[in-house]
Amino acid sequence: MVALDIVHASNAQLRELGPGLVALFVGGTSGIGEFTLKAFVQNTISPRVYLVGRSASAAERIIKECEGLNKDGKVEFLQADVTELAEVDRVCKEIGTREKTLNLLVQTQGNFTFAGRQENDEGLDRKMTLNYYSRMCFIHNLRPLLRNGAASPPHFSRTLSVLSPGSERRVDLDDLELKNSYSGMKCANHTVLMNDLMTGEFASREPGTTFVHSFPAGVNTGLARGLPIWARVPLKVLTPLLSPFLVSADETGARQLFIATSGIYPPAKPVEGSPFATGTPVPKTLNVMKGGDGQTGSGGYLVNWNGEITGNKILDEYREKGASKTVWEHTMGIFDRVDKANQGKVDAGSS
Ligand SMILES: NC(=O)c1ccc[n+]([C@@H]2O[C@H](COP(=O)([O-])OP(=O)(O)OC[C@H]3O[C@@H](n4cnc5c(N)ncnc54)[C@H](OP(=O)(O)O)[C@@H]3O)[C@@H](O)[C@H]2O)c1
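Residues numbered from 1 in each chain as written. Predicted model: local features only at pLDDT ≥ 70, side-chain atom pairs only at ≥ 80, totals over all residues. Heavy atoms only, no water.

On to the overall build of the protein chain. Each helix and strand in the protein chain was counted, giving 11 helices and 7 strands. Taking 351 residues into account, the globule formula puts the C-alpha radius of gyration at 20 Å, and the protein chain, at 19 Å, falls close to it. Sorting the 351 residues of the protein chain into buried and exposed places 52% on the buried side. Nonlocal contacts in the protein chain, meaning residues at least 24 apart in sequence, comprise 77% of its contacts between residues at least 6 apart. Carbon and sulfur atoms provide 54% of the accessible area of the protein chain, an area that totals close to 15,400 Å². A gap of 2 Å separates the mean positions of the 38 positive and 38 negative side-chain charges of the protein chain. (Helix = DSSP H or I, 4+ residues; strand = E, 2+ residues; numbered from the N terminus. Rg over C-alpha atoms; globule rule 2.2 N^0.38 Å. Buried < 20%, exposed > 50% of the residue type's maximum accessible area, 1.4 Å probe, protein only. Contact = heavy atoms within 4.5 Å. Areas by Shrake-Rupley, 256 points an atom, 1.4 Å probe, with all protein chains shown as cover. Lys, Arg positive; Asp, Glu negative; His and termini not counted. Charge placed at Lys NZ, Arg CZ, Asp CG, Glu CD.)

Below is the structure:
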């Protein structure tokens, strides 16, 4: 376990990267995303932060609170429902008109629901899109900006997706998008394993950027707000009893920021001769970690809430039988299919 004082000391070193780091927090209007965003704003010099979510009132509150944390920081809200990839594309285009580089992308968009498959107009399940397709689409669309982040001083380029590595179960490789056999449990199994495998796929294609999939442990957030009242009430009663087992808001923000930025999780091929290209300096008592592929420092990491590496045998089995390539091709195929369908709608509207 990475001690909390090491986490805080490492985060404080983000100031040494100098002013003007650019970060995007998708799902930063509540919970783990909000806590991590605030830790970032507090530990950086004149950061420019984009905050994506649906709730304008939550964004307004967070922007005010961030002004109190760092008067030189700038946090801007981009409202979007990212259960649709067209919205992801729109937000990425918007960021691309304003920024040439991106140093940090943190994704925590998600919900807790007992609803079954809810297909959007693009033919994708909305929860699978929150947990997986939108996250990969943000990374994929923003690859040029992340590459620029790695190529220009301070050569700092990182992504973090917070979900649940370490809980891998069997998946149906012939129906990755669960068109035929959807359940909440299968949605979790598929999106966790696909997040895992894509960290390695992106890391090998973008060797100047670190890709992390992390598990936050139990954190008291707004996640249950979408549940029916009969489920929310007992949860509310139980939460104080569970509190000794939950990670606090401040500790979660600090730990997820550490996981997103520390040099113990370096990119596969950081720019040479630049002190922060690997991340914040590796603390004396720690070593560079193994990537999800078992190779030290390979750029794609699966990280537990406490900073240690996670994963399991089922994941290893899938990796050994080449599922990473299957998931990559599936995901790029989905992006092509949705792009073509969305372009068709635009063409039909303009003719
Ligand atoms: N909390 C835990 O104990 C825990 C444990 C394990 C894993 N996780 C995972 O960690 C992630 C973050 O969870 P959390 O606890 O921080 O939840 P949270 O407090 O509910 O935050 C979820 C975020 O996602 C955003 N979001 C939801 N639907 C959206 C949509 N359609 N479009 C755009 N943004 C949307 C929400 O913003 P808006 O409402 O403004 O749209 C909010 O900012 C989730 O994937 C969750 O499964 C959490």
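There's more to say after this.
This paragraph deals with the packing of helix H5 (residues 126-141) against helix H7 (residues 184-205). What describes two packed helices is the angle between their axes and the distance between those same axes. The contact between H5 and H7 brings their axes to 9 Å, and the two run at 15°. Relative to H7, the element H5 lies roughly parallel. Seen from above, H5 lies across H7 with left-handed handedness. Listed contacts from H7 to Lys127, Met128, Asn131, Tyr132, Tyr133, Arg135, Met136, Ile139 and His140 of H5 are Cys187, His190, Thr191, Met194, Asn195, Met198 and Phe202. For the contact of H5 with H7, a count of residues per class yields 9 nonpolar, 5 polar and 2 charged. (Axes fitted to C-alpha atoms, helices over the stretch in contact; angles between N-to-C directions. Parallel < 35°, antiparallel > 145°, perpendicular 65-115°, else oblique. Left-handed = near helix turned anticlockwise from the far one by under 90°. Nonpolar A, V, L, I, M, F, W, Y, C, P; charged D, E, K, R; others polar.)

So, on to a nonpolar patch on the surface. A cluster of nonpolar side chains, contributed by Phe112, Phe114, Leu223, Ile229, Trp230, Val233, Leu235 and Val237, occupies part of the molecular surface with about 820 Å² of accessible area. Position of Phe112 relative to the elements: it lies in the loop between strand S4 (104-107) and H5. Judged by its relative accessible area of 34%, Phe112 falls in the partly exposed class. (Patch = residues over 30% accessible without salt bridge, like charges linked within 9 Å, V, L, I, M, F, W, Y side chains within 5 Å. Salt bridge = Lys/Arg side-chain N within 4 Å of Asp/Glu carboxyl O.)

For the pair helix H1 (residues 4-12) and helix H9 (residues 249-261), the least separation of the axes is 9 Å and the interaxial angle reads 60°. Here H1 is positioned oblique relative to H9, judged by the angle of their axes. The handedness of the crossing between H1 and H9 is left-handed. The residues of H9 that touch H1, namely those facing Leu4, Val7, His8, Ser10 and Asn11, are Glu251, Ala254, Arg255, Leu257, Phe258 and Thr261.

With that settled, the discussion passes to the sheet that holds strand S7 (residues 300-303). With parallel pairing, the 7 strands of this open sheet are ordered in space as S3-S2-S1-S4-S5-S6-S7. Of all the strands in the sheet, just strand S3 (74-79) and S7 have a single pairing partner and so form its edges. Mean inter-strand twist for the sheet, computed between neighbouring axes without regard to direction, equals 15°. With 5 bridges joining them, strand S1 (residues 22-26) and strand S2 (residues 48-53) adopt parallel strand pairing. Its bridge partner lying in S2, Phe25 is registered against Leu51. (Pairing = 2+ DSSP bridges.)

That is the geometry; function is a separate question.
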